[in-house]
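Below, each chain spelled out in residue letters.
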Amino acid sequence: MRLPSFFGYTTAVLMMVVVLGTLLGMNYFSHKLISATGLQISPWFSGGEIVRTIDHGSYKTLQHRAVFDALIGQRAEGFVQIDFSPPAALPDKINEKIDFDLDGKIDFNLEYDVSSNSAVLTAYNPRVVSLSGCYVLKELRAVRVRLKNE
Amino acid sequence: MMLQGFLLGLSTGATCLAYCTPVLVPYLLGEGKSIRQTAGTLSQFMLGRLLGYLLFAVFAWMASYYVSTLTDQREMLTGVIYILLASLQLWYGMLQPIAPCAGSSWRDRVAQLAQSRPVLLPLLMGLFTGLNLCPPFLLAFAAAGENPTLGYSLLFFLSFFGGTALFFLPLPLLGACKNISRLKNIGRLAAAVMSVYYFYTGMLLLLGGIFKL
Amino acid sequence: MTAFTGNLGWRKAGLLCLPMLIITAVLLLYGKPLADPGKLLPAAITYLFVNATFFCMIYTGQTNKYRSRFFILVSLLFVVSFIANLIEVRGTMELSTANMLDGETPLCPLVIPMLIIPAALTNTIIFPGSFFAAHAGIAPMIVLWLGFSVAVGRGWCSWICFFGGMDEGFSRLCRKPKITDIDKKWTALPWAVLLGIVLTSAVTLSPTYCAWLCPFKTVTEFPAIESVKTALQAVIFTSLFIGLVVVLPILTGRRTQCGLFCPFGAFQSIFNKINIFAVRIDRAACVDCKLCLKQCPTFSIDEQSLQAGKTLLSCGKCGKCIDRCPRQAISFHIKGTPLHVNRLTARILFLYPAFTFAAVIGGGCIYGGLERIFRLLLTGSMIH
């Protein structure tokens, strides 16, 4: 048998090994893929990392970092996500003052009505543009506020 | 001053490339030229881009005192530029291959013009993407607008262009694909596909700007 | 119509199918009997159907005939199980922003080309799903796609793509094509769409094909219509589905969505370049009847490739040209080996990895769909 033929048939047989390896080891390879690459869900969907937690006793306010992420550099517009959790322990109305850029100054005030899932935004910083939306999620309530980049 | 513009260009050049790639890559592939010819086309594109920059430098100088009040109109202007860019790409992708017949319609005239002046199309594309009011460009606009002299504004944009241009240097390597004739067809169709995206974005910006007024 | 391998005989075919019986028992049934009687019957039917299909392929030497039926059934039952599952979990086929923020979107393989540039430059996945979700998590889907692509290349489009099965189903409704003259330039459109969506997804950091162009949103999940934008998206999805998946396949007898539009198909073609399996045409036996050229579902044979004795890069390895060739001039081939020698070996070596994937992934869809149908018959509802 010629060498290319030998390699051809050997590779063809190996493809079956690849298939069985993929199907049987899918769980293992999946975890390896994520741990080795450190991949994360885009902050445009996940909301970004939580940078501050305000404990109100029965419930917590979770402040995510401001998201302006672009493919390279930053975008002119972005958002900040504020979560309230757990949903069952939330009061009817929540009033929260947020310092999204962590400079020690309050940037906006959020009045969130839990029952109607609506919010009123009062901006103190010109970079705060408008309310983006209020969302009922499985484990929490989330509010996104549109921001302008510096 | 020159260094400031160049560094700003360097720091934002990759973003400029990201903004320009959707226009440039389909076009360069569509032409199916060699590396050397692609470098030529890229030079024409970059020349158009430079013209756009310089034109904007003049504009920045003229409008430096007005920049802070431009918010709504800026969106509309970007929208109009996007729509023009989309029209140019659509024409290139879908209509340009049709052979022109002696001056029967505007389309034929444009096709004839593009054939007799092959430099025109990449030049115009460069000009329109050069006038794209992307965040780094507006940053440069604001920086140039800080000084009231025309010379400063021109030099600033020239050095800004120099910094961003470095990122475009590898693009002629696309010419290495020239022997695959299908790539020409793909590039032209991709230009048409991208035109839909730019048209949509342009319309959104334009309508958004109109509603804000 | 006869295939080149002819009838193998019961005994030889049975022996060749024995490993598949074991593989599917392990991978499809997890090697243990199902305790729930409501699941036992669909599982048994699936197991028997999968293995009967493979046996027919091996015994008769016909690939496409049985693959196609299996493939279409998979896509139909995929829709049944997918929609039923969505309604069970969310109560609707609509995908709201809240669902996306919750990471509840199952990853469709079509998204993968759009993920690469942002993943490389930002180390993030621009998709509103979860890495290890119970239903089509991002990580398992990427592993599955990678394994299959390495093993069978663009065979993905003919062996496990449930969307391709819909296209194929409608194309088979065509008895005599009404449209036969399709300009070759349109076969470049999938590449153009691929280039367009990869670039726009990178710039916008969102999967633009899913947001704007996917015809299959019509039969799976679609954004909740909350604005003019989402209404426009719904119109585009429906129009593309009706045009490319229903009307054009019926008029042309070809898989027009797969061959003239699907960017993922174009992306998979790249894997054909590195894949060990190919389809080759024996020029000595070919009489240039061009039946293969006229009937290739994905427009993967043209005059030039026919003369060169090859299929184009876009070949989905469905086996239709092999089955239909009146001179048995076309065959599966292993690169590097002598042409048109050991055809049976090449075919079996290709069919095993391709069908194993089809049996496990497609079999899962068949089982899922059958289970919902049985539940409907027994309880009056598909939902738990």
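Residues numbered from 1 in each chain as written. Chains lettered and ligands numbered in written order. Predicted model: local features only at pLDDT ≥ 70, side-chain atom pairs only at ≥ 80, totals over all residues.

### Quick notes on the overall build of chain A
Of the regular secondary structure elements, chain A holds three helices and 10 strands. Beginning at the N terminus, the succession of helices and strands in chain A can be written as α-α-β-α-β-β-β-β-β-β-β-β-β. Taken against the 2.2 N^0.38 rule, which gives 15 Å for 150 residues, the C-alpha radius of gyration of chain A at 24 Å runs more than 25% over that of a compact globule. With 150 residues in all, chain A has 28% of them scored as buried. Pairs at least 24 residues apart make up 39% of the contacts formed inside chain A by residues separated by at least 6 positions. (Helix = DSSP H or I, 4+ residues; strand = E, 2+ residues; numbered from the N terminus. Rg over C-alpha atoms; globule rule 2.2 N^0.38 Å. Buried ≥ 20, exposed ≤ 12 C-beta atoms within 10 Å, placed from the backbone. Contact = placed C-beta atoms within 7 Å.)

### Concerning the overall build of chain B
Per the secondary structure count, chain B includes eight helices and zero strands. Reading chain B from its N terminus to its C terminus gives the helix and strand order α-α-α-α-α-α-α-α. Split into buried and exposed, the 213 residues of chain B put 42% on the buried side. Pairs at least 24 apart in sequence give 89% of the contacts found in chain B among residues at least 6 apart.

### Some remarks on the interface of chain A and chain C
Taken residue by residue, the interface counts 37 residues in chain A and 43 residues in chain C. Elements represented by at least two residues in the side of chain A that touches chain C include exactly α1 (3-24), α2 (26-37), β1 (40-41), α3 (43-46) and β9 (128-136) of chain A. The element that contributes the greatest number of residues to the side of chain A that touches chain C is α1(A), accounting for 14 residues. When grouped by side-chain class, the residues that make up the side of chain A that touches chain C number 25 nonpolar, 10 polar and two charged. With two bridges connecting them, β1(A) and strand β2 (residues 124-125) of chain C associate as parallel partners. (Nonpolar A, V, L, I, M, F, W, Y, C, P; charged D, E, K, R; others polar. Pairing = 2+ DSSP bridges.)

### Here's the deal with the nonpolar core
V111(C), A192(C), F357(C) and A358(C) are the most contacted members of the largest nonpolar core, which totals 149 residues. If you tally residues by element for this core, the top one is helix α17 (residues 343-379) of chain C, at 16 residues. With residues up to four places along the chain from it excluded, the contact list for A358(C) reads F70(C), W159(C) and I160(C). Counting residues in each nonpolar core, the second largest holds 22 residues, with F68(A), Y112(A), V128(A) and L101(C) among its members. (Core = buried A, V, L, I, M, F, W, Y, C linked by C-beta atoms within 7 Å.)

### Thoughts on the interface of chain B and chain C
Across the boundary between the two partners, chain B contributes 13 residues, which contact 12 residues of chain C. Here the residues of the side of chain B that touches chain C are counted per class, giving 10 nonpolar, two polar and one charged.

### Things to note about helix α9 (residues 189-204) of chain C
All names here are of chain C. Helix length check: α9, at 16 residues, gives a terminal C-alpha distance of 22 Å against a target of 22 Å (1.5 Å per residue), a fit within 8%. The element α9 is extensively covered by neighbouring structure, given that 15 of its 16 residues are classed as buried. The positive-phi residue at the C-terminal boundary of α9 is L205, with phi of around 55°. (Expected span 1.5 Å × (residues − 1).)

### Focus on the packing of α1(A) against α17(C)
Between α1(A) and α17(C), the shortest axis-to-axis distance is 8 Å and the interhelical angle comes to 15°. Between α1(A) and α17(C), the crossing angle belongs to the class labelled roughly parallel. As α1(A) runs across α17(C), the sense of the crossing is left-handed. Facing A12(A), V13(A), M15(A), M16(A), V19(A) and L23(A) of α1(A), the residues of α17(C) in contact are L349(C), Y352(C), P353(C), T356(C), F357(C) and V360(C). (Axes fitted to C-alpha atoms, helices over the stretch in contact; angles between N-to-C directions. Parallel < 35°, antiparallel > 145°, perpendicular 65-115°, else oblique. Left-handed = near helix turned anticlockwise from the far one by under 90°.)

### What about unusual backbone geometry?
When glycine is set aside, most residues are seen to have a negative phi, and most peptide bonds are trans. With an omega of -5°, the peptide bond between S85(A) and P86(A) qualifies as cis. Examined against the element boundaries, P86(A) turns out to sit in the loop between β5 (74-85) and β6 (93-98). At N117(A), a residue that is not glycine, the phi angle is positive and equals roughly 50°. One can find N117(A) in the loop between β7 (108-113) and β8 (118-123). Positive phi values are uncommon outside glycine, yet D288(C) reaches one of about 55°. In this structure, D288(C) sits in the loop between β4 (277-281) and α14 (291-295).

### Some thoughts on helix α5 (residues 112-122) of chain C
All names here are of chain C. The set of residues buried in α5 consists of I112, P113, M114, L115 and P118. Tucked into the core, α5 has its buried residues touching β2, α6 (138-152), α9, α10 (208-213) and α13 (263-274). Directly beyond the C-terminal end of α5, a positive phi value near 60° is found at N123.

### Quick word on the confidence of the model for chain B
Keep in mind that low pLDDT regions are not for reading the predicted coordinates in detail. Residues and elements named next belong to chain B. Scored by pLDDT, chain B has a mean of 69; 57% of the residues are at 70 or more. The lowest-confidence element of chain B is helix α4 (residues 106-116), averaging 56 in pLDDT; the highest-confidence one is helix α7 (residues 150-165), averaging 79. Note on the complex model: pTM 0.83, ipTM 0.92. (pLDDT = per-residue confidence, 0-100.)

### Observations regarding the sheet that holds β8(A)
All names here are of chain A. Read across the sheet, three strands follow the order β6-β7-β8 without closing on themselves; strand pairing throughout is antiparallel. Among the strands making up the open sheet, the edge pair consists of β6 and β8. Across the sheet, the axes of successive neighbouring strands diverge by a mean angle of 15°, strand direction being ignored. Of the pairings in the sheet, the one linking β6 to β7 comprises six bridges and is antiparallel in character. Note that in β7 the partner of E96 across the bridge is L110.

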